[in-house]
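Coordinate analysis (summary)
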Amino acid sequence: MKRRKVALVIVAYNARRYLDGCLGTLRQARHEQFDLEVIVVDNASRDGTAEEIKRNYPWVELIESGKNLGFAGGNNLGMRSALERGADHVYLLNQDTEVDADFLEEAVKVAEADEKIGSVQSLLLLHPEKDLINSTGNAIHFLG
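For the structure given in this document, a descriptive report is provided here. (Residues numbered from 1 in each chain as written. Predicted model: local features only at pLDDT ≥ 70, side-chain atom pairs only at ≥ 80, totals over all residues. Heavy atoms only, no water.)

Bringing the nonpolar core into the picture now. For soluble globular proteins, the rule of thumb is that nonpolar side chains tend to be buried together. Core analysis: the largest hydrophobic core is formed by 25 residues, its most contacted members being Ile 10, Leu 23 and Leu 26. The set of elements that each furnish at least two residues to this core consists of strand S1 (5-12), helix H1 (19-26), strand S2 (35-42), helix H2 (49-56), strand S4 (89-93) and helix H4 (103-111). Excluding anything up to four places from it in sequence, Ile 10 contacts Cys 22, Leu 23, Leu 26, Val 38, Ile 39, Val 40, Val 41, Leu 93, Asn 94 and Gln 95. By size, the runner-up hydrophobic cluster in this structure holds seven residues, among which are Ala 7, Ile 63, Ala 82 and Ala 87. (Core = buried A, V, L, I, M, F, W, Y, C linked by side-chain atoms within 4.5 Å. Buried < 20%, exposed > 50% of the residue type's maximum accessible area, 1.4 Å probe, protein only. Helix = DSSP H or I, 4+ residues; strand = E, 2+ residues; numbered from the N terminus. Contact = heavy atoms within 4.5 Å.)

Spelled out as structure tokens, the structure:
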């Protein structure tokens, strides 16, 4: 049985100030049950985001879009790359997010619990008031 591959995609735009929080906590994310690839799509940042990633996060696959594709366009570019590299699951993460070490293992576990599940969302807490819930997920209907 082949080992599963999970790609985590982050669209970055002038995100340098968030990199330590986001990529710093991602570095500690557990993924013993699958291979993890972190992909950052830099949407033509002007604050040195791409250079900072190259310098301090060599384990991150950096895609420099060359222009601002917007949030959806950046995610589409990252997801396309992840799927071309053989990802079994793709997790989208905002640039200003800090994660718990077990968040990705839990998301994958839920996603694989039933073949009818097409997407999952982690519990979102407010920052810096991490004892307050921001969102437990949103209902998505096939009509939008």
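When H4 is considered as a whole, its buried residues turn out to be Phe 103, Leu 104, Glu 105, Ala 107, Val 108 and Ala 111. On its buried face, H4 sits against S1, H1, S2 and S4.

What follows is about the sheet that holds S1. The four strands lie next to each other as S3-S2-S1-S4, forming an open sheet whose pairing is parallel. Looking at the sheet topology across the chains shown, the edges are occupied by strand S3 (61-64) and S4. Each strand of the sheet is rotated relative to its neighbour by a mean of 25 degrees, with strand direction disregarded. As paired elements, S1 and S2 share eight bridges and run parallel to each other. Each residue of the ladder has a partner; that of Val 9, found in S2, is Ile 39. Of the strands in this sheet, S1, S2 and S3 touch H2, which is tilted by about 160 degrees from S3. Across the sheet, H4 lies against S1, S2 and S4, angled at about 130 degrees from S4, the strand it touches most. (Pairing = 2+ DSSP bridges. Axes fitted to C-alpha atoms, helices over the stretch in contact; angles between N-to-C directions.)

Now for the pairing of S2. S2 sits mainly inside the fold: six of its eight residues count as buried. Regarding topology, H1 serves as the crossover connection from S1 to the parallel S2, and that connection is right-handed. Relative to S3, S2 runs parallel, the two being bridged by four bridges. Looking across to S3, one finds that Ile 39 is bridged to Glu 61. (Right-handed = clockwise from strand over helix to strand, strands pointing away.)

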